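Listed here are the chains, written in short residue letters.
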Amino acid sequence: MSNLQLTAEGKLKHFLTIEGLSQSLLTEILDTAESFVNPTDQQIKKVPLLRGKTIVNLFFENSTRTRTTFELAAKRLSADVLSMSISTSSTSKGESLLDTIRNLEAMYVDMFVVRHGLSGAAHFIAQQTANHISVINAGDGQHAHPTQAMLDMFTIRQVKKDFSKLRVAIIGDILHSRVARSQILALNTLGAAEVRVIAPKTLLPAHVQTLGVSVCHNLNEGLQDIDVIIMLRLQKERMTSALLPSESEYFKCFGLTESKLKIAKPDAIVMHPGPINRGVEIDSKVADGPQSVILQQVSNGIAVRMAIMSMAMQPQGAI
Amino acid sequence: MSNLQLTAEGKLKHFLTIEGLSQSLLTEILDTAESFVNPTDQQIKKVPLLRGKTIVNLFFENSTRTRTTFELAAKRLSADVLSMSISTSSTSKGESLLDTIRNLEAMYVDMFVVRHGLSGAAHFIAQQTANHISVINAGDGQHAHPTQAMLDMFTIRQVKKDFSKLRVAIIGDILHSRVARSQILALNTLGAAEVRVIAPKTLLPAHVQTLGVSVCHNLNEGLQDIDVIIMLRLQKERMTSALLPSESEYFKCFGLTESKLKIAKPDAIVMHPGPINRGVEIDSKVADGPQSVILQQVSNGIAVRMAIMSMAMQPQGAI
Amino acid sequence: MSNLQLTAEGKLKHFLTIEGLSQSLLTEILDTAESFVNPTDQQIKKVPLLRGKTIVNLFFENSTRTRTTFELAAKRLSADVLSMSISTSSTSKGESLLDTIRNLEAMYVDMFVVRHGLSGAAHFIAQQTANHISVINAGDGQHAHPTQAMLDMFTIRQVKKDFSKLRVAIIGDILHSRVARSQILALNTLGAAEVRVIAPKTLLPAHVQTLGVSVCHNLNEGLQDIDVIIMLRLQKERMTSALLPSESEYFKCFGLTESKLKIAKPDAIVMHPGPINRGVEIDSKVADGPQSVILQQVSNGIAVRMAIMSMAMQPQGAI
């Protein structure tokens with residue numbers, strides 16, 4: 001897996017999962033992202049790094065936020081972007097995914113940004129695609145969402161500077177969350193003191209401890225000593241699958257309110273990958289409150305995706 | 001309202017409604033638009049005014065013509081454009097309009113062009129959005145469509161030079177028309193001699209005179225002495241709502257034919273915001289005839305929208 | 001027809017059909033396309049030939065491959081591209097095709113790339129549109145698909161250098177194929193030694209010989225002495241129309257397998273316009289085999305469309 005993502009020289013070629021990436025490479029991504037943010041006004045300038053390159057957004061699942069930030073990041077890098085919503089495309093003529101990929105790569109494109117409902121889809125495309133093409137995983141099934149994890153790391157570092165003393169809680173549906181899986185890997189690689197998952201037993205994978213986390217089933221207990229709180233989005237479709245009692249019941253037990261937030265450290269920050277279910281996993285007062293960095297995460301998504309795209313597109317050397 | 005649209009120095013910041021804008025500001029928009037048109041070949045050059053800026057088309061209602069002209073205008077200004085058709089977007093995941101706006105503004109965008117079925121939507125977004133973002137109203141419910149009104153004013157000035165002696169007739173469904181509301185305000189602000197609305201009683205708002213118009217219920221009478229004829233599009237869905245008898249009946253009474261056109265001044269021009277219902281509100285011979293400036297209106301839409309976008313994006317100084 | 005496509009000086013103005021175009025003009029297209037391909041790495045550089053020009057993709061039929069290559073070709077020429085999927089546009093408000101065209105041309109666009117289900121649609125638009133606009137036919141009904149034919153010619157020339165000694169077989173549903181019609185015209189104009197169509201009688205037009213082809217109803221016989229094999233896509237909807245027995249029956253008689261391929265000349269190349277129906281008209285081993293140039297065709301689509309677009313946009317002089 002790690003081999004597939006890296007060149008022989010250990011440079012980034014594809015970005016599919018946090019697994020197998022070193023601390024120094026993750027730090028290089030964060031540093032590169034930082035170089036795109038103007039320290040004076042916090043704006044991002046348009047740079048010509050990928051001028052003349054063509055990036056294809058291959059979204060088999062719909063996602064306004066992720067597709068938009070990838071498109072904006074590509075444009076800030078001066079690349080040409082082609083957005084393809086695949087359900088309405090040639091696959092309706094019966095063409096296979098592989099044939100679609102083969103055809104696109106024949107069109108001299110340089111990068112695929114892939115979101116797909118099946119775990120492993122981005123890996124499959126990276127394995128199959130022509131050598132000059134980079135693949136970025138923008139979320140695959142319940143497996144990984146590594147650019148989301150990296151923008152979360154960027155946001156945490158922006159506020160907390162150092163990972164080594166941080167206790168981070170991830171709260172909610174760990175079982176189905178590709179975001180959580182990538183966050184846990186990134187936090188452990190970057191040396192966080194503790195990653196604590198807080199969830200009802202029905203929403204935790206079996207043997208979750210093997211991921212390198214401590215486990216808690218009670219929000220009030222779990223929030224103690226925590227520096228960073230990461231709320232996960234509750235997929236409402238889980239409700240009907242008998243894994244959860246009801247939204248209000250869930251909110252009562254695992255929803256983050258102002259009073260519960262007080263259990264954590266006074267300078268704890270609150271994160272969420274969005275879109276938020278207000279009043280289900282998080283109270284509006286917390287989401288919009290002073291400890292929330294949720295919108296900062298969205299902003300950071302541009303710079304972090306610019307960093308990953310420009311690094312993967314120049315695997316031979318420095319940027 | 002006027003305060004929201006203007007900076008402390010009285011410069012354009014948002015463009016939401018004609019209401020509260022001065023004659024000199026409307027004239028500045030028309031003059032700026034004129035500066036984008038090459039006097040030799042009437043073409044519009046690509047200019048670098050908004051290079052590196054990102055404009056988001058937020059269309060909650062579909063509109064080929066308006067969306068396309070805004071997109072073309074933005075590209076002529078060298079801006080990056082992101083077109084979002086919101087019905088198919090994140091709101092289907094249950095995110096509120098406000099959260100969508102918050103997320104987009106966190107992505108370093110610079111302008112929202114908003115079309116929405118609810119009156120007041122663009123105002124709401126302008127009130128709520130971050131300070132560095134400009135909002136352009138591309139049509140909100142039955143309230144306003146100010147860029148359409150301004151391109152109409154530009155077209156009138158192009159042909160007739162001076163507003164002060166003009167008698168303008170607006171014909172059709174005044175009651176439901178955001179276009180008419182904005183046109184009436186613009187014509188009165190620019191000093192037209194008379195704005196006359198011609199419509200059946202069922203398609204006029206109560207107390208319509210308070211808008212600063214004269215009223216007529218008969219097309220033959222109403223067209224006398226008229227310099228500019230503005231036909232409104234008949235929304236066919238009104239037919240079923242018992243406000244109107246039938247299309248052919250409407251055409252007989254309020255449709256503009258060649259013989260009726262002769263009642264107006266011989267050099268009267270015919271306008272229509274499009275798309276045209278041929279044979280419903282206007283006869284094809286008139287729509288395609290020598291007095292029609294309907295396609296000129298479409299052309300002028302590019303330059304006028306370029307003017308409004310570039311002025312709103314540079315509220316501090318001259319262009 | 002030829003007059004409509006050419007200026008008075010015989011330069012390309014529209015590109016609607018191969019019919020009426022001279023050998024020298026087709027050769028000029030192929031040579032121009034070649035100039036866009038970097039001989040060292042076979043990549044295509046971004047060139048500023050159409051900077052500031054606006055190209056509108058008017059797709060009334062869906063087509064990922066063709067729309068995408070046109071969009072990429074336009075971007076490599078530095079043009080602005082507007083992609084309109086017309087079924088979801090203004091025509092749903094009851095506007096006619098002609099009004100849509102009139103409105104778009106009023107928006108200062110420079111080129112229409114048209115795909116339409118009706119034969120003659122691109123011609124109609126070229127006849128009706130303003131003088132400064134070029135029209136490219138991207139496929140109209142069962143009539144023509146001339147850019148596909150030209151990229152096929154480019155691919156053939158790339159491998160075989162000279163047309164004059166080539167025997168080319170076109171295999172499959174000739175009757176309904178706009179691709180085949182354009183290929184036959186192009187091959188004959190470029191002086192191929194023989195164009196042979198191979199199909200069951202139900203899938204051949206009446207009097208097909210008048211197109212300048214030899215005819216064969218048996219694949220084993222027809223493939224003898226052949227240098228270039230062009231497979232056509234089998235439209236599965238023909239199956240239900242009683243023109244064909246079954247997919248497996250069709251594959252048995254007219255599907256291209258490795259053993260059948262051996263009947264042709266040993267250096268014969270295999271072409272297909274895509275998307276492929278694997279196991280229906282072509283075996284995967286052949287489609288992905290060493291004699292297949294199917295993906296080369298896709299690549300060449302970019303350069304050939306760049307050539308046609310840039311030539312049509314500059315009818316007065318050299319590029």
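Just so you know, these numbers come straight off a predicted model, no measurement behind them.

I would appreciate a short explanation of the overall build of chain A in the present structure.
Scanning chain A for helices and strands turns up twelve helices and nine strands. Counting only C-alpha atoms and orienting by the principal axes, one finds that chain A spans roughly 55 × 45 × 35 Å. Counting every position in chain A, which comprises 319 residues, the buried fraction comes to 54%. Summarising the internal contacts of chain A: among those between residues at least 6 apart in sequence, 75% fall at separations of at least 24.

Explanation requested: the pairing of strand β5 (residues 167-171) of chain B in the structure shown.
Looking along a regular strand, one sees the side chains alternate between the two faces of the sheet. All names here are of chain B. Burial of β5 is extensive: four of the five residues sit out of reach of the surface. Where β5 and strand β6 (residues 194-198) come together, five bridges link them in parallel fashion. Bridging from a neighbouring strand, R167 pairs with E194 of β6. One crossover worth recording links β5 to the parallel β6 by way of helix α7 (residues 178-189), and it is right-handed. Sheet analysis places β5 next to strand β8 (residues 228-231), joined by four bridges and oriented parallel. The residue bridging V168 from the neighbouring strand is V228, located in β8.

What am I meant to see in the pairing of strand β4 (residues 134-140) of chain A here?
All names here are of chain A. For β4, the tally of buried residues reaches seven of seven residues, placing the bulk of the element in the interior. As paired elements, strand β3 (residues 111-116) and β4 share five bridges and run parallel to each other. Each bridged residue has a counterpart across the sheet, and for F112 the counterpart in β4 is V135.

Where do I start with the domain arrangement of chain A in this structure?
Often, the extent of an interface is quoted as the loss of accessible area on bringing the components together. Residues and elements named next belong to chain A. With domains assigned, chain A is organised as domain 1 (2-144 + 301-313) and domain 2 (146-298). With centres defined by C-alpha atoms, the gap from domain 1 to domain 2 works out at 26 Å. The partner domain 2 presents 21 residues to the 25 residues of domain 1 that form the contact. Counting only elements with at least two residues in the side of domain 1 that touches domain 2, the list comes to α2 (23-36), β4 and α12 (294-313). Of the residues assigned to the side of domain 1 that touches domain 2, the class counts are 13 nonpolar, eight polar and four charged.

Explanation requested: the sheet that holds β5 of chain B in the structure shown.
Think of a sheet as strands paired side by side through backbone hydrogen bonds, with each pair either parallel or antiparallel. All names here are of chain B. Reading across the sheet, the five strands line up as β7-β6-β5-β8-β9 and stay open at both edges, with parallel pairing between neighbours. Edge positions in the sheet fall to β7 (214-216) and β9 (269-271), since each of these pairs with one other strand and no more. Between one strand and the next, the sheet's axes are offset by a mean angle of 20°, whatever the strand orientation.

How should the relation of the copies chain B and chain A be read in this particular structure?
Both copies of the chain are related by a screw-like operation: a rotation about an axis and a shift along it. Aligned on chain A, chain B shows an RMSD of 0.0 Å; the corresponding rotation is 120° and the shift along the axis is 0.0 Å. Here the copies are linked by what is in effect a three-fold axis.

Is there a simple way to think about the interface of chain C and chain B in this case?
Facing the 15 residues of chain C at the interface are 19 residues of chain B. For the side of chain C that touches chain B, the elements supplying multiple residues, two or more each, are β2 (80-85) and α4 (97-106) of chain C. Counting residues per element, the side of chain C that touches chain B draws most heavily on α4 of chain C, at four residues. A class-by-class count of the residues in the side of chain C that touches chain B yields four nonpolar, six polar and five charged.

Please explain α12 of chain A as it appears in this structure.
Note: α-helices contain 3.6 residues per turn, so residues at a spacing of three or four share the same orientation. Over its 20 residues, α12 of chain A extends 29 Å from the first C-alpha to the last, a length consistent with the 28 Å expected when each residue adds 1.5 Å. By the largest-angle criterion, N300 of chain A marks the main kink of α12 of chain A, which is about 30°.

In this structure, what is going on with the interface of chain B and chain A? I would like to understand it.
Residue-level contacts link 15 residues of chain B with 19 residues of chain A. At the level of secondary structure, the elements contributing two or more residues to the side of chain B that touches chain A comprise β2 (80-85) and α4 (97-106) of chain B. Of all the elements, α4 of chain B adds the most residues to the side of chain B that touches chain A, at four residues. A class-by-class count of the residues in the side of chain B that touches chain A yields four nonpolar, six polar and five charged.

Looking at this model, I keep getting lost on the confidence of the model for chain A. Mind explaining?
A low pLDDT means the predicted coordinates there should not be read in detail. This prediction gives chain A a mean pLDDT of 91; 93% of its residues lie at or above 70. Predicted complex, confidence summary: ipTM 0.87, pTM 0.90.

Honestly, the nonpolar core in this entry has me stumped. Any pointers?
The nonpolar side chains of soluble globular proteins are, as a tendency, buried together. Core analysis: the largest hydrophobic core is formed by 314 residues, its most contacted members being I229 of chain A, I229 of chain B together with I229 of chain C. Residue contacts for I229 of chain A: discarding those within four places in its chain leaves A169, I171, L256, A264, A268, V270 and M271 of chain A.

Help me understand unusual backbone geometry in this model?
Among all residues save glycine, negative phi is the norm, and among peptide bonds the norm is trans. Residue G274 of chain A is joined to P275 of chain A through a cis peptide bond whose omega torsion reads -10°. Of note, P275 of chain A is situated in the loop between β9 (269-271) and α11 (284-287). A positive phi angle is found at D225 of chain A, which is not glycine, with a value near 70°. On the secondary structure map, D225 of chain A appears in the loop between α8 (219-222) and β8 (228-231). Positive phi outside glycine occurs at K161 of chain C, with the angle close to 65°. By the element assignment, K161 of chain C lies in the loop between α6 (146-160) and β5 (167-171). C-beta crowding within 10 Å serves as the criterion here: with 10 such atoms nearby, K161 of chain C is assigned to the exposed category.

Whenever I open this one, the sheet that holds strand β3 (residues 111-116) of chain B confuses me. Can you help?
Residues and elements named next belong to chain B. Across the sheet, which stays open at both edges, the four strands sit in the order β2-β1-β3-β4 with parallel pairing between neighbours. Strands with a single pairing partner mark the edges of an open sheet, and in this sheet they are β2 and β4 (134-140). For this sheet the average axis-to-axis angle between neighbouring strands, irrespective of direction, equals 15°.

Just to check I follow, could you spell out the packing of helix α13 (residues 294-313) of chain B against α4 of chain C for this structure?
When two helices pack together, their arrangement is given by the angle between the helix axes and the distance between those axes. At a closest axis distance of 8 Å, the pairing of α13 of chain B and α4 of chain C adopts a crossing angle of 45°. One way to sum up the angle between α13 of chain B and α4 of chain C is to call them oblique. Handedness of the crossing formed by α13 of chain B with α4 of chain C: right-handed. Across the interface between the two elements, L295, V298 and S299 of chain B from α13 of chain B touch R102, N103 and A106 of chain C from α4 of chain C. Among the residues making up the contact of α13 of chain B with α4 of chain C, the classes are represented as three nonpolar, two polar and one charged.

So what exactly am I meant to see when it comes to helix α7 (residues 178-189) of chain C here?
All names here are of chain C. When the terminal C-alpha atoms of α7 are compared, their 17 Å separation across twelve residues agrees well with the 16 Å that a helix rising 1.5 Å per residue should span. Of the residues making up α7, those classed as buried are R178, V179, A180, R181, S182, Q183, I184, L185, A186, L187 and T189. One or two positions beyond α7, positive phi appears at G191, with a value near 85°.

What should I look at first to understand the packing of helix α3 (residues 64-76) of chain C against helix α13 (residues 294-313) of chain C in this one?
All names here are of chain C. One way to put it is that α3 packs onto α13 with a least axis distance of 8 Å and a crossing angle of 60°. In terms of orientation, α3 and α13 fall into the oblique class. The interaxial crossing formed by α3 with α13 has right-handed handedness. In this structure, α3 contributes T69, F70, L72, A73, A74 and R76 to the contact, and α13 contributes G301, I302, R305, M306 and M309.

Quick question: what am I supposed to make of the environment of L30 of chain A here?
Residues and elements named next belong to chain A. With respect to the element layout, L30 can be found in helix α2. Here the alpha-carbon distance between L30 and Q158, two residues 128 residues apart in the chain, equals 9.7 Å. Aside from chain neighbours lying at most four places away, what touches L30 is M153, F154 and R157.

Parameters at a glance
Residues numbered from 1 in each chain as written. Chains lettered and ligands numbered in written order. Predicted model: local features only at pLDDT ≥ 70, side-chain atom pairs only at ≥ 80, totals over all residues. Helix = DSSP H or I, 4+ residues; strand = E, 2+ residues; numbered from the N terminus. Buried ≥ 20, exposed ≤ 12 C-beta atoms within 10 Å, placed from the backbone. Contact = placed C-beta atoms within 7 Å. Pairing = 2+ DSSP bridges. Right-handed = clockwise from strand over helix to strand, strands pointing away. Domains from an automatic or database assignment. Nonpolar A, V, L, I, M, F, W, Y, C, P; charged D, E, K, R; others polar. Axes fitted to C-alpha atoms, helices over the stretch in contact; angles between N-to-C directions. Least-squares fit on C-alpha atoms with pLDDT ≥ 70 in both. Expected span 1.5 Å × (residues − 1). Bend = angle between axes of the 7 residues up to and from the residue. pLDDT = per-residue confidence, 0-100. Core = buried A, V, L, I, M, F, W, Y, C linked by C-beta atoms within 7 Å. Parallel < 35°, antiparallel > 145°, perpendicular 65-115°, else oblique. Left-handed = near helix turned anticlockwise from the far one by under 90°.

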